[in-house]
Amino acid sequence: MKINETPIDGLFQLKSENKTRLVTRNRVPGTSVYGEQLISVKGAEYRVWDPYRSKFAAAFLSGMKKIPQIYDKQILYLGTSTGTTPSHFSDIIENGKIFGIEFSPKVMRKFFRLTEQRSNLVPILADARRPEEYSSFIFEVDMIYQDVAQPDQATIFGRNAQEFLKSGGEGIIAIKSQSIDVSLEPKEVFKNQIEVLESVFGLKVIESSSIDDFEKKHAVIIVKKP
Ligand SMILES: C[S@@+](CC[C@H](N)C(=O)[O-])C[C@H]1O[C@@H](n2cnc3c(N)ncnc32)[C@H](O)[C@@H]1O
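Residues numbered from 1 in each chain as written. Predicted model: local features only at pLDDT ≥ 70, side-chain atom pairs only at ≥ 80, totals over all residues. Heavy atoms only, no water.

Draft legend 1. Region of interest: the site of the ligand. Taken together, 17 residues lie around the ligand, and Tyr77, Thr85, Glu102, Asp127 and Gln150 are the ones closest in. Within the side chain of threonine 85, a nitrogen or oxygen atom sits 2.6 Å from an oxygen atom of the ligand. In this structure, aspartate 147 approaches the ligand through a side-chain N or O atom, which is 2.9 Å from a nitrogen atom. For the ligand, whose free accessible area comes to 610 Å², the fraction covered by protein is 86%. It is helix H2 (residues 84-92) that contributes the most residues to the shell around the ligand, 3 residues altogether. The residue inventory of the shell around the ligand, partitioned by class, reads 6 nonpolar, 6 polar and 5 charged. (Near = heavy atom within 4 Å. Polar contact = N/O pair within 3.5 Å; in protein donor to acceptor, adjacent residues only side chain to side chain. Areas by Shrake-Rupley, 256 points an atom, 1.4 Å probe, with all protein chains shown as cover. Helix = DSSP H or I, 4+ residues; strand = E, 2+ residues; numbered from the N terminus. Nonpolar A, V, L, I, M, F, W, Y, C, P; charged D, E, K, R; others polar.)

Draft legend 2. Highlighting the sheet that holds strand S5 (residues 44-48). Spatially, 5 strands are ordered S1-S2-S3-S5-S4 in an open sheet, and the strand pairing comes out antiparallel. The open sheet terminates on both sides in strands that have one partner only, identified here as strand S1 (2-5) and strand S4 (38-41). In this sheet, neighbouring strand axes are inclined to one another by 40° on average, regardless of whether the strands run parallel or antiparallel. Where S1 lies against strand S2 (residues 12-15), 4 bridges are found, and the strand directions are antiparallel. Opposite asparagine 4, over in S2, you have glutamine 13 as the bridge partner. (Pairing = 2+ DSSP bridges. Axes fitted to C-alpha atoms, helices over the stretch in contact; angles between N-to-C directions.)

Draft legend 3. Examining the pattern of salt bridges more closely. Counted by the stated rule, this structure contains 11 salt bridges. Residues lysine 55 and aspartate 147 are paired through a salt bridge, measuring 3.1 Å at the closest nitrogen-oxygen approach. Remark: aspartate 147 occurs in the loop between strand S9 (141-146) and helix H4 (153-164) and lysine 55 occurs in helix H1 (residues 55-61); sequence separation between them is 92 residues. Connected through salt bridges with shared partners, the residues Glu36, Arg47, Asp91 and Arg118 form a single ionic network. (Salt bridge = Lys/Arg side-chain N within 4 Å of Asp/Glu carboxyl O.)

Draft legend 4. Structural view of the packing of aromatic side chains. Scanning the entire structure with this criterion turns up 10 aromatic pairs. On the basis of an interplanar angle of 65° and a centroid distance of 5.7 Å, the ring pair of tyrosine 77 and phenylalanine 89 is categorised as edge-to-face. Taken together, the residues tyrosine 77 in strand S6 (residues 74-78) and phenylalanine 89 in helix H2 connect sequence positions 12 residues apart. Its relative accessible area of 2% is what places tyrosine 77 among the buried residues. Measuring from centroid to centroid gives 5.3 Å for phenylalanine 89 and tyrosine 145, while their planes differ by 80°, and the two rings are edge-to-face. Of this pair, phenylalanine 89 sits in helix H2 while tyrosine 145 is found in strand S9, placing the two residues 56 residues apart along the sequence. (Phe/Tyr/Trp six-rings, centres within 6.5 Å; stacked < 30°, edge-to-face > 60°. Buried < 20%, exposed > 50% of the residue type's maximum accessible area, 1.4 Å probe, protein only.)

Draft legend 5. Geometry of the environment of isoleucine 156. As for its position among the elements, isoleucine 156 is in helix H4. A C-alpha to C-alpha distance of 8.6 Å links isoleucine 156 and arginine 130, two positions 26 residues apart in sequence. In this view, isoleucine 156 contacts Leu78, Ala128, Arg129, Gln146, Val148 and Gln150; residues no more than four positions away in its chain are not counted. (Contact = heavy atoms within 4.5 Å.)

Draft legend 6. Local environment of the domain arrangement of the chain. With domains assigned, the chain is organised as domain 1 (2-48) and domain 2 (55-224). On the domain 2 side, the residues contacting the 18 residues of domain 1 number 19 residues. Of all residues in domain 1, the largest losses of buried area upon contact with domain 2 belong to Ile8, Asp9 and Arg27, amounting jointly to 37% of the total for that side. For the salt bridge of aspartate 91 with arginine 47, the shortest nitrogen-to-oxygen distance reads 2.6 Å. Our count for the domain 1 to domain 2 interface comes out at 11 residue pairs in polar contact (both at pLDDT 80 or more). Secondary-structure elements contributing two or more residues to the side of domain 1 that touches domain 2 are strand S3 (20-25) and S5. With 3 residues, S3 is the single largest residue contributor to the side of domain 1 that touches domain 2. Here the side of domain 1 that touches domain 2 is composed, by residue class, of 8 nonpolar, 6 polar and 4 charged. (Domains from an automatic or database assignment. Buried area = accessible area lost by both parts, 1.4 Å probe.)

Draft legend 7. Representation of a negative patch on the surface. Where like charges cluster on the molecular surface, the negative patch consists of Glu5, Asp9, Asp72 and Glu94. Aspartate 9 sits in the partly exposed class, given a relative accessible area of 37%. (Patch = residues over 30% accessible without salt bridge, like charges linked within 9 Å, V, L, I, M, F, W, Y side chains within 5 Å. Lys, Arg positive; Asp, Glu negative; His and termini not counted. Charge placed at Lys NZ, Arg CZ, Asp CG, Glu CD.)

Draft legend 8. Here's a closer look at the packing of H4 against helix H6 (residues 186-200). Relative to each other, H4 and H6 sit at 20°, their axes nearing to 9 Å. When the axes of H4 and H6 are compared, the pair comes out roughly parallel. Crossing handedness for the pair H4 and H6: right-handed. Touching Gln153, Ala154, Thr155 and Phe157 of H4 are Gln193, Val196 and Leu197, all from H6. Across the contact of H4 with H6, the residue classes break down as 4 nonpolar, 3 polar and no charged. (Parallel < 35°, antiparallel > 145°, perpendicular 65-115°, else oblique. Left-handed = near helix turned anticlockwise from the far one by under 90°.)

And the structure:
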């Protein structure tokens, strides 16, 4: 087995005879978070990152080129669920922190248990539509990652970017077209969401791509705050 670096620091590709898998180095050796495989290579343990369960991994494997670095960032993460993608961010991040917002108390209980093992994850039970609920915990972040599957996805992101994203900071937004308008072609929905991000919130879209190979009718949009 061979471990190769990728353009994203802390994200690796593990090559065996007939497979290439995306992995991160396990911050809590011996522990699997969502049933993912653990693989040891040269004394280090890696967790396989499943692109069918994480839109970040799907975006990377879909060939997106402008995915920001995350290893040194303060990140606001909207819609953590039980922590599949946040756990891989936690593996990668060295000096930064991830402030994880989730509004379902049941889901948050499970995410909270994960944060007890991973000191760079900060759990916040709150509604991402109401940034004022958590503005006393967060001052300014380098990046916002959002995956909330709501009808007003671009607006939720825009409001959080206005409140917390530093100038020059970046955002990654997973868009689920079926949560916005089932009557429109996904392409149209993605175009409308980009329009909201740019014209209503003044964000610059630097890359967008469908991640259909992994999640049907989804796209990932990468933005920068001027
Ligand atoms: C698709 S799941 C997120 C999966 C997660 N990002 C991952 O990759 O591991 C969407 C999550 O967003 C949460 N959510 C939806 N709307 C929200 C809101 N307004 N505020 C906070 N969380 C929200 C849901 O409860 C759900 O857990």
